[in-house]
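If you want the building blocks of each chain, they are given just below.
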Amino acid sequence: QVQLVESGGGLVQDGGSLTLSCAGSGRTFSIYTMGWFRQAPGKEREFVAAISWSGDSTFHGDSVQGRFTISRDNDKNVVALQMNSLQPEDSAVYYCAASGGASLPGLFASMAGRPGEYDYWGQGTQVTVSS
């Protein structure tokens, strides 16, 4: 089992940057595909980015491509989301999640963007971008 705790959210101006971190507990952290999702009020949960268990593969959603970057450090059990050029529409609660299924050989690309494929979720951290 993995427990996830997000941090780093806050209030930032349009065009600014933030880095979110997700700390995972448990010896098996490194075997999970890790993802970031976000949810704004009244909207469905949206895929933001994912990274394979080894860190060799990453996948970013269309709305954040070129602005956000996901990374991980398995020695420290941490996954990060660097967010640049933030826009008001990026305001949401950001969630970190872990998927065992997406770590299976050949399944990362097809499963990493689906919230239903994730087994463990953090409590979320609020990001607010002011215009």
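Refer to the structure presented above.
For the structure given in this document, a descriptive report is provided here.

## Notes on the pattern of salt bridges
- Under the criterion given, the structure shown has 3 salt bridges.
- One salt-bridge network, in which partners are shared between bridges, spans Arg38, Glu46, Arg67 and Asp90.

## Some points on the pairing of strand S7 (residues 68–73)
- Residues of S7 alternate between two faces, with Phe68, Ile70 and Arg72 buried on one and Thr69, Ser71 and Asp73 left unburied on the opposite face.
- Counting the residues between successive antiparallel strands, the hairpin from S7 to strand S8 (residues 78–83) contains 4 residues, one of them, Asn77, with a positive phi of roughly 55 degrees.

## Here we look at the nonpolar core
- Counting residues in hydrophobic clusters, the biggest one holds 27 residues, and the most contacted among them are Met34, Trp36, Leu81, Met83 and Tyr94.
- For this core, the elements supplying multiple residues, two or more each, are strand S3 (18–25), strand S4 (33–39), strand S5 (46–51), S7, S8, strand S9 (92–99) and strand S11 (125–130).
- The element that contributes the greatest number of residues to this core is S9, accounting for 4 residues.
- Of all hydrophobic cores here, the second largest spans 7 residues; its members include Ala50, Phe108, Ala112 and Tyr118.

## So, the packing of aromatic side chains
- All chains considered together, the criterion is met by 7 aromatic pairs.
- With a centroid separation of 5.6 Å and an interplanar angle of 70 degrees, the aromatic rings of Phe37 and Phe47 are classed as edge-to-face. Of this pair, Phe37 sits in strand S4 while Phe47 sits in strand S5, and the two are 10 residues apart along the sequence. The burial state of Phe37 is the same as that of Phe47; both residues are buried.
- An aromatic cluster is built from Phe37, Phe47, Phe59, Tyr95, Tyr118 and Trp121, whose rings are joined through pairwise contacts.
- A cation over a ring is seen here: Arg45 above Tyr95, with NZ or CZ 4.0 Å from the ring centre.
- The lysine or arginine in question, Arg45, covers the ring of Trp121, its NZ or CZ lying 4.7 Å from the ring centre.

## Description of the sheet that holds S3
- Spatial strand order, S1-S3-S8-S7: 4 strands in an open sheet with antiparallel pairing. At either end of the open sheet lies a strand with only one pairing partner, and these are strand S1 (3–7) and S7. Sheet twist, expressed as the average angle between the axes of neighbouring strands with direction ignored, equals 15 degrees.
- Across 6 bridges, S3 lies against S8 in antiparallel orientation.

Criteria and cut-off values
Residues numbered from 1 in each chain as written. Predicted model: local features only at pLDDT ≥ 70, side-chain atom pairs only at ≥ 80, totals over all residues. Heavy atoms only, no water. Salt bridge = Lys/Arg side-chain N within 4 Å of Asp/Glu carboxyl O. Buried < 20%, exposed > 50% of the residue type's maximum accessible area, 1.4 Å probe, protein only. Helix = DSSP H or I, 4+ residues; strand = E, 2+ residues; numbered from the N terminus. Pairing = 2+ DSSP bridges. Core = buried A, V, L, I, M, F, W, Y, C linked by side-chain atoms within 4.5 Å. Phe/Tyr/Trp six-rings, centres within 6.5 Å; stacked < 30°, edge-to-face > 60°. Lys NZ or Arg CZ within 6 Å of the ring centre and 35° of its normal. Axes fitted to C-alpha atoms, helices over the stretch in contact; angles between N-to-C directions.

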